[in-house]
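Examining the three-dimensional arrangement
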Amino acid sequence: MNEELREVRPEDCKLLFEWANEKEVRKNSFSSAEISYEEHKEWFQRLLSREDCKQYIYCVDGIDVGQVRVSINGENAEIGYSICSDKRGYGYGKSMIELLKKRIKEDVPQVQVLVAKVKTENIASHKVFVGLGYEEKYRQYELML
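Reading guide: rules and limits
Every chain's residues receive numbers from 1 upward, in the order its sequence appears when written. Where local features are concerned, this predicted model is filtered to residues with pLDDT of at least 70; where side-chain atom pairs are given and counted, the filter is 80 or more; whole-chain, interface and lining totals use all residues. Computation of side-chain values covers all heavy atoms of the structure but excludes hydrogens and water. Helix numbers and strand numbers start at the N terminus; a helix is a DSSP run of H or I with at least 4 residues, a strand a run of E with at least 2. Residue contacts are counted whenever heavy atoms from the two residues lie within 4.5 Å of one another. In this analysis, rings of Phe, Tyr and Trp, with Trp reduced to its six-membered ring, are considered paired at centre separations within 6.5 Å, and the interplanar angle assigns stacked below 30 degrees, edge-to-face beyond 60, and tilted for intermediate values. With a 1.4 Å probe rolled over the protein chains alone, any residue whose accessible area is under 20% of its type maximum counts as buried; one over 50% counts as exposed, and the rest are partly exposed. Only when DSSP finds a minimum of two bridges between them are two strands counted as paired. By the criterion used throughout, a crossover qualifies as right-handed when its path from the first strand across the helix to the second strand runs clockwise, the strands pointing away from the viewer. In what follows, salt bridge is the name for a side-chain nitrogen of Lys or Arg lying within 4 Å of a carboxyl oxygen of Asp or Glu.

**Section: unusual backbone geometry**
For Asp61, which is not glycine, the phi dihedral falls at a positive 50°. On the secondary structure map, Asp61 appears in the loop between β2 (53–60) and β3 (63–73).

This is the structure we're talking about:
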């Protein structure tokens with residue numbers, strides 16, 4: 001299996017839009033509202049010029065399988081990722097996040113801590129991060145009024 005994380009390119013805009021609006025991705029996102037293509041295009045253009053953010057496409061044997069983004073804040077980088085719907089359940093999330101660790105060390109050496117915030121009900125992502133040695137640091141509780 002040949003896998004890589006490649007930097008996002010301008011022609012990835014539509015692919016990322018489609019992946020971002022998949023039902024499960026929206027459900028597991030902290031902002032679950034559907035995204036319009038116009039909103040996405042504006043966001044994507046800003047993303048391409050940001051210094052504090054890295055976006056990658058995860059490819060396996062030449063096929064685009066998922067995406068991962070890190071938002072950098074000093075020595076910390078927060079991870080957001082997804083795997084396309086027809087490739088879920090094969091362990092690609094874990095492989096992609098493992099590759100990310102190596103890639104960030106090369107691309108952004110000042111980053112010392114990778115952080116992942118995961119919704120309680122997103123069991124698959126919990127398994128990915130725990131399986132890779134990430135430690136749970138805190139829990140958040142809410143009460144709807």
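**Concerning the side chain of His40**
Position of His40 among the secondary structure elements: in helix α3 (residues 37–49). Other than its neighbours up to four places away in sequence, His40 contacts Cys13, Leu16, Phe17 and Ile35.

**Section: the packing of aromatic side chains**
Considering all chains together, one arrives at 6 aromatic pairs under this definition. Centroid distance Tyr81 to Phe129: 5.8 Å. Interplanar angle 80°. Geometry classified as edge-to-face. Of this pair, Tyr81 sits in strand β4 (residues 76–83) while Phe129 sits in helix α5 (residues 123–131); the two residues are 48 residues apart in sequence, bridging distant segments of the chain. Each member of the pair, Tyr81 as well as Phe129, is classed as buried. Their ring planes at 70° and their centres at 4.9 Å tell us that Phe129 and Tyr134 sit as a pair that is edge-to-face.

**Considering the pairing of strand β5 (residues 113–116)**
Of the pairings in the sheet, the one linking β4 to β5 comprises 4 bridges and is parallel in character. Residue pairing in the sheet places Ala77 in a bridge with Leu114 of β5. Tracing the backbone out of β4, into helix α4 (residues 92–107) and back to the parallel element β5 gives a crossover that is right-handed.

**Notes on the pattern of salt bridges**
Taken as a whole, this structure holds 12 salt bridges when the rule is applied. Across the pair Arg6 and Asp64 runs a salt bridge, and its minimum N-O distance is 3.7 Å. Here Arg6, found in strand β1 (residues 3–7), pairs with Asp64, found in strand β3; they are 58 residues apart in sequence, far enough to count as distant. Accessibility expressed as a relative area gives 28% for Asp64, which makes it partly exposed. We note a salt bridge from Lys41 to Glu38, for which the minimum N-O separation is 3.2 Å. Highlighted residues: Lys41 and Glu38, both in helix α3, separated by 3 residues, approximately one helical turn. In the salt-bridge network here, residues are joined through shared partners; they are Arg6, Asp12 and Asp64.

Everything listed here is a matter of coordinates, which is why it stays silent on function.
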